[in-house]
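Chain by chain, the residues run as shown.
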Amino acid sequence: MLVKFRTMTGAADTDGRPLPDADRLTRFGRFLRSTSLDELPELWNVLKGDMSLVGPRPLLMEYLPLYSPRQSRRHEVKPGLTGWAQVNGRNALTWEDRLEMDVWYVENRSWLLDLKIIWKTIGIVLHREGISQQGSATMEKFQGKMKAGRQ
C-alpha cells in the first residue's frame, strides 16, 4: 500500500468506467503533478522500507499479468521515488521503452548510478520535463504490447 496524494476524481461514465484522465484530473492535481509534489507522500513509504529512493516506479497491480518475463525483472528490486526511466523521458516514453529502462536499471544498479539518477531527477523536476505523454493528461494505460521478437 502506497501513500499518495489523490490528484484525480473518481468520476465515471454511465457504465461505471472511469472517465479519461484529462476529465478527472483536478486543477490542484494538475499543479501537484506539474511540480512533482504529488510524490512527496511516498517519502513515508521510503522511511517505512517499502520503497527505495531509486528504483523502478511502482505501477498498478492490474499490470502484473501483462508483463513479459523480461519486464517482470523490474520487480527484483524495491520500487523507487525516481528511476532510470524517469530521468530518461519519464511519462513521455513508450511503455516498452520505460519497462526496458527499468530492467536495465535492475541489471546495472550501483551506488554511483543511484547518485547520478538522484542528481538528474533534481534537474528534471525543476524543469518540469516529461510530466505527461504527448497529447495526454498523464500516460496511456499499459496494455502489455510488445515488439515482435522480444520477450
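Our structure's up above, just so we're on the same page.
Because the structure is predicted, anything quoted here is derived from the model rather than measured. Residue numbers here run from 1 along each chain, matching the order of that chain's written sequence. Residue-level local features of this predicted model are given only where pLDDT is at least 70; pairs of side-chain atoms are given and counted only at 80 or more, and the full residue set underlies all totals for whole chains, interfaces and linings. Where side-chain values are given, they derive from all heavy atoms of the structure, hydrogens and water being excluded.

### Focus: the overall build of the protein chain
Numbering of helices and strands runs from the N terminus; a helix is a DSSP stretch of H or I covering at least four residues, while a strand is a stretch of E covering at least two. Across its full length, the protein chain holds 5 helices and 2 strands. What you see in the protein chain, going N to C, is helices and strands ordered as α-α-α-β-β-α-α. Buried residues in the protein chain amount to 35% of all 151 residues. Areas reported here follow the Shrake-Rupley algorithm with a probe of radius 1.4 Å; residue values treat only the protein chains shown as occluding. Approximately 9500 Å² of the protein chain is accessible, and the part contributed by carbon and sulfur atoms is 58%. Only protein chains enter the accessibility calculation, which uses a 1.4 Å probe. A residue is then buried if its area is under 20% of the maximum for its type, exposed if over 50%, and partly exposed in between.

### Observations regarding the layout of surface pockets
Both site types are read off a 1 Å grid over the protein atoms alone. A 1.4 Å probe that fits but cannot get out defines a cavity, while an open set with protein on both sides within 12 Å along at least five of seven lines defines a pocket; lining residues have an atom within 4 Å of a point. Grid points are joined across faces, edges and corners, and a volume is the space filled by probe spheres set on the points. Roughly 220 Å³ of volume is contained in the second largest pocket. Along the walls of the second largest pocket sit Ser52, Leu53, Val54, Val77, Lys78, Tyr105, Arg109, Ser110, Trp111, Asp114, Leu115 and Ile118, which together make up its complete lining. For the lining of the second largest pocket, the secondary-structure elements that each account for two or more residues are β1 (52-54) and α5 (111-127). Split by residue class, the lining of the second largest pocket holds 7 nonpolar, 2 polar and 3 charged. Throughout, the ten residues Ala, Val, Leu, Ile, Met, Phe, Trp, Tyr, Cys and Pro are labelled nonpolar, Asp, Glu, Lys and Arg are labelled charged, and all others, Gly among them, are labelled polar.

### Some words on the packing of aromatic side chains
Between 30 and 60 degrees the pair is tilted, below 30 it is stacked and above 60 it is edge-to-face, where a pair is any two Phe, Tyr or Trp rings, Trp via its six-membered ring, whose centres lie within 6.5 Å. Applying the stated criterion across every chain, the model contains 3 aromatic pairs. Aromatic side chains Trp84 and Trp104 sit 4.7 Å apart centroid to centroid with 25° between the ring planes, which places their arrangement in the stacked category. Taken together, the positions of Trp84 in the loop between β2 (80-82) and α4 (95-108) and Trp104 in helix α4 put the pair 20 residues apart, joining distant regions of the chain. For Trp84, a relative accessible area of 14% gives the class buried. Owing to a relative accessible area of 33%, Trp104 belongs among the partly exposed residues under this scheme.

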